[in-house]
Amino acid sequence: MDLKITGKWFFVGGAGSGFGKAVAIQLAREGARILAVSRTEQKLQLLQSSFPEQIEILCGNLFDINLHPEIIKRLKNFELSGAFINAGGPPAGGFYEINQSQWEEAWKTVVSWKIALTKSLVPLMRRHNYGRLLFLESVSVKQAVPNLILSNALRPAVVGFAKTIANEVAADGITVNVLAPGYHTTTAMERLFAKKACRENISNEEAKQSFENEIPVGKIGKPEELASLAMWLLSPLSRYVTGQVIGHDGGMVKGFFG
């Protein structure tokens, strides 16, 4: 399938590993150009070495809004086609494990920076009446996940934000959607295995199996599988899809609108 993105420019957050890296690689394979952002210089350089003519890198913390002007400076001379808005998530924990300062920090790391960055990216897209904004959130926006109270409480705020701005920018040719992944083979998932193993005094492999038991398809997903869906949502082919929360969870959400 021709996704019609050859030579188009994209922003990809969290590109050093996990979902961000998978999306950056697949975009590059389709001939796109990418500004890849991550906190880890070494991982970015390795990514760039695979596609030196297509990937530009910027090392920095997306949670720090002081980085955002540099992102816009790098992109302002190009027609920005799409943005994969993604970075690390909040720590795991239940209600009595999470203190007030962690709640306040999670607002910054889950919600606040995304609002600020989106406000800077939208004008770049409006200049040429086209754009794709894709937020990477979590299955927790559809169904609460045990011991992830910060994610359960705050990621739905991003959905409300995305749904609202989707209506406001639709006439400008800009779509806004949210991906809600379930369990995938990422470093964040490895941390959940370790935490569960420690809490229940079981092995990491047993912890992993307990997570897989929740998934109807029986196995944890791969970032590359989600990336293939993200690619379509970031392409011109998704013109008529906006304001949606799209799950990628192996069937684990039990509600009718999973």
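Above: the structure in question.
Fair warning: this is a prediction, and the values are worked out from it, not measured in the lab.

Draft legend 1. Inspection of the environment of His184 at higher detail. Here His184 lies in the loop between strand S6 (174-181) and helix H6 (187-200). With near-sequence residues (within four places) excluded, His184 lies in contact with Phe19, Met189, Ile220, Gly221, Lys222, Pro223, Leu226 and His248. Side-chain polar atoms of His184 contact the backbone oxygen of Gly182, separated by 3.0 Å.

Draft legend 2. Region of interest: helix H5 (residues 149-169). Along its 21 residues, H5 runs 31 Å from first to last C-alpha, staying within 8% of the 30 Å computed at 1.5 Å per residue. Where H5 is buried, its residues contact helix H4 (100-126), strand S5 (131-136), S6 and strand S7 (245-248).

Draft legend 3. Expanded view of the environment of Ser81. For Ser81, the position within the fold is in strand S4 (residues 80-85). For Ser81, a relative accessible area of 4% puts it in the buried group. Through-space distance from the C-alpha of Ser81 to that of Ile202 is 46 Å; in sequence the pair is 121 residues apart. Contacts of Ser81, omitting those with residues within four sequence positions, involve Lys8, Trp9, Phe10, Met125, Tyr130, Gly131 and Arg132.

Draft legend 4. Region of interest: the packing of aromatic side chains. Following the criterion strictly, the structure yields 6 aromatic pairs and no others. Relative to Phe78, the ring of Trp9 has its centre 4.2 Å away and its plane inclined at 20°; by these criteria the two rings are stacked. With Trp9 in strand S1 (residues 9-13) and Phe78 in the loop between helix H3 (68-75) and S4, the pair connects residues that are 69 residues apart, well separated along the chain. Classification of Trp9 as buried rests on a relative accessible area of 7%. Its relative accessible area of 27% is what places Phe78 among the partly exposed residues. Relative to Phe161, the ring of Phe135 has its centre 6.0 Å away and its plane inclined at 80°; by these criteria the two rings are edge-to-face. Within this pair, whereas Phe135 is found in strand S5, its partner Phe161 is found in helix H5, the two being separated by 26 residues in sequence. Each member of the aromatic cluster is reached from another via a ring pair, and the members are Tyr183, Phe193 and Phe211. One Lys or Arg, Lys196, reaches over the ring of Phe211 and ends 5.8 Å from the middle of that ring.

Rules of the game
Residues numbered from 1 in each chain as written. Predicted model: local features only at pLDDT ≥ 70, side-chain atom pairs only at ≥ 80, totals over all residues. Heavy atoms only, no water. Helix = DSSP H or I, 4+ residues; strand = E, 2+ residues; numbered from the N terminus. Contact = heavy atoms within 4.5 Å. Polar contact = N/O pair within 3.5 Å; in protein donor to acceptor, adjacent residues only side chain to side chain. Expected span 1.5 Å × (residues − 1). Buried < 20%, exposed > 50% of the residue type's maximum accessible area, 1.4 Å probe, protein only. Phe/Tyr/Trp six-rings, centres within 6.5 Å; stacked < 30°, edge-to-face > 60°. Lys NZ or Arg CZ within 6 Å of the ring centre and 35° of its normal.

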